[in-house]
Amino acid sequence: MTTDMQPVLNRIDDRVDDLVELTADLIRFPTINPPGEAYRPCAEFIGDRLSKRGFKIEYVRAEGAPGDSDTYPRINVIARREGSRPGPCVHFNGHIDVVEVGSGWTVPPFDGLVEDGKVYGRGACDMKGGLASAIIAVEALIDTYPEFPGTIEISGTVDEESGGYGGVAYLAERGWFSAPRVNHVIIPEPLNVDRVCIGHRGVWWAEIETKGRMAHGSMPFLGDSAIRHMTAVLERFEQKLYPDLAARVSDMPVVPDGARQSTMNINSLHGGQAEDFDGLPAPCVADSCRMIIDRRFLIEESLDDVRAEVTTILENLASSREDFRYELREMFAVEPSISDKTGPVAATTAAAIKEILSVEPSFVCSPGTYDQKHIDRIGKLKDCIAYGPGMLDLAHQPDEWIGIEDMTSAAKVMSLVTARLLGLSA
Ligand SMILES: [Zn+2]
């Protein structure tokens, strides 16, 4: 273990109570998204705390973003503290929104209950515990080295759980996540305290509709069933698409293992008329059948190829199957994102994990996306990773929790990484 940063690490150990209290305080804001509850008080809580530490605070409302209204304003907070001399800027970005509570809880979801070395609540692990760790890490560093070089930023942003359009995407479009303002970004998502997450797979959501012709259910030969047309699509998926996807394994270190290949989930399938008020079926031939697919793709695949693969199947059916008609509607697309694991933030974080935890860190990619996509695509900032305490599996679950020891270790890693990136420590 290096000794030059020992005073900072000791300070973090002295402040574990503060870390726990801060996490619990953040959990007590029920920032449920949708609709985007309590964003303003939560952002102001973070801003008030950091302004006392000499940070310049700015609140940015994402006017016109999806869901933004006077009742549910999309309020983001960005705190910036410039050091004693010019240097790079290290930015910690945490989303303050959480998903709905759902059922199955045995503890109150917004009390910030502390028990057996854990803090419980919705958002504990995803990702208020990570944000609290970053705040404590930075405060301990600044208190130890008030004359630090460069700049430190911390942001609390909204709407990550619904795509980040009122949060990081909005800010990135306005230059908040680009050089020279910012150089290195760490997103403390719960990817486990000993792993560095360098990116994520891509997403393509699309709706396929097959068309038919309505007729009386007793004489289906007079109509044309959209559902039977859809089964032809499904058959092609089973015979051709799924085997093709399963054979495509990525060099991206996606976890868990099953997500290291291309995948596609059929989200939903709806065909035909709804039942009547007595629960009896409508005696009709289905004139429409709709299927929504959720395709997750790899850095080795292009979005155009992903689209073409499905379109080709549909086009082949249109030319080979009698009366096959379809429409394809794209709903959402995000390219895969991956940063260089030898880049400054990834390599420095890996080294710090090794020093603090005495374990060999691993580089991973996330199966789903998170705000890194906006920093990469819109901000054009490549030196970005996710690193934070907490287990990804616990995110969005009932009785969500974060381990206090994990948060403390993560805070130490974060302070060491910040010190190194700013040139404060060798
Ligand atoms: Zn998250």
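The notes below deal with the structure included here. (Residues numbered from 1 in each chain as written. Predicted model: local features only at pLDDT ≥ 70, side-chain atom pairs only at ≥ 80, totals over all residues.)

Some words on the overall build of the chain
Helices and strands together make up the secondary structure of the chain, namely 10 helices and 16 strands. In terms of overall size, the chain behaves like a compact globule, its C-alpha atoms giving a radius of gyration of 24 Å where 426 residues would be expected to give roughly 22 Å. Dimensions of the chain along its principal axes, counting C-alpha atoms only, are 80 × 45 × 40 Å. Within the chain, buried positions represent 48% of all 426 residues. In the chain, of all internal contacts separated by at least 6 residues, the share reaching a separation of at least 24 is 80%. (Helix = DSSP H or I, 4+ residues; strand = E, 2+ residues; numbered from the N terminus. Rg over C-alpha atoms; globule rule 2.2 N^0.38 Å. Buried ≥ 20, exposed ≤ 12 C-beta atoms within 10 Å, placed from the backbone. Contact = placed C-beta atoms within 7 Å.)

Some thoughts on the pairing of strand S9 (residues 202-211)
Of the pairings in the sheet, the one linking S9 to strand S11 (residues 288-297) comprises 10 bridges and is antiparallel in character. Residue pairing across strands places Glu-209 opposite Arg-290, the latter belonging to S11. (Pairing = 2+ DSSP bridges.)

Considering the sheet that holds strand S4 (residues 114-115)
Pairing in this open sheet of 3 strands is antiparallel, and the strands run S4-S5-S16 from one edge to the other. Each edge of the sheet is formed by a strand with only one pairing partner; in this case those strands are S4 and strand S16 (401-403). Alignment of strand S5 (residues 118-120) against S16, held across 3 bridges, turns out to be antiparallel. Directly across from Val-119, in S16, lies its bridge partner Ile-402. Seen against the sheet, helix H2 (residues 16-27) touches S4, S5 and S16 and runs at an angle of roughly 15 degrees to S5. Sitting on the sheet, helix H4 (residues 124-144) touches S5 and S16, and the angle it makes with S16 is about 45 degrees. (Axes fitted to C-alpha atoms, helices over the stretch in contact; angles between N-to-C directions.)

Looking at the sheet that holds S11
Strand order across the open sheet formed by 4 strands is S10-S11-S9-S12, with antiparallel pairing between neighbours. Strand pairing shows two members of the sheet lacking a second neighbour, strand S10 (263-271) and strand S12 (325-334), which therefore form its edges. Along the sheet, successive strands turn relative to each other by an average axial angle of 15 degrees, direction set aside. Note that S10 and S11 share 8 bridges and pair antiparallel. Opposite His-270, over in S11, you have Arg-290 as the bridge partner. Where helix H7 (residues 303-320) meets the sheet, it contacts S9, S11 and S12, and its direction lies at approximately 15 degrees from that of S9.

What about H2?
Taking 1.5 Å of rise per residue, 12 residues should cover 16 Å, and H2 covers 17 Å from first to last C-alpha, within 8% of that figure. Those residues of H2 that sit buried are Leu-19, Val-20, Leu-22, Thr-23, Ala-24, Leu-26 and Ile-27. The secondary structure elements touched by the buried residues of H2 are helix H3 (39-51), S4, S5, H4, S16 and helix H10 (404-421). (Expected span 1.5 Å × (residues − 1).)

Digging into unusual backbone geometry
The linkage connecting Asn-33 with the following residue, Pro-34, adopts the cis geometry, with an omega of -10 degrees. With respect to the helices and strands, Pro-34 occurs in the loop between H2 and H3. Of the consecutive residues Pro-34 and Pro-35, the connecting peptide bond is found in the cis state with omega at 10 degrees. Structurally, Pro-35 can be placed in the loop between H2 and H3. The phi dihedral of Asp-399 falls on the positive side, at around 55 degrees, and the residue is not glycine. Its place among the elements puts Asp-399 in the loop between strand S15 (384-386) and S16.

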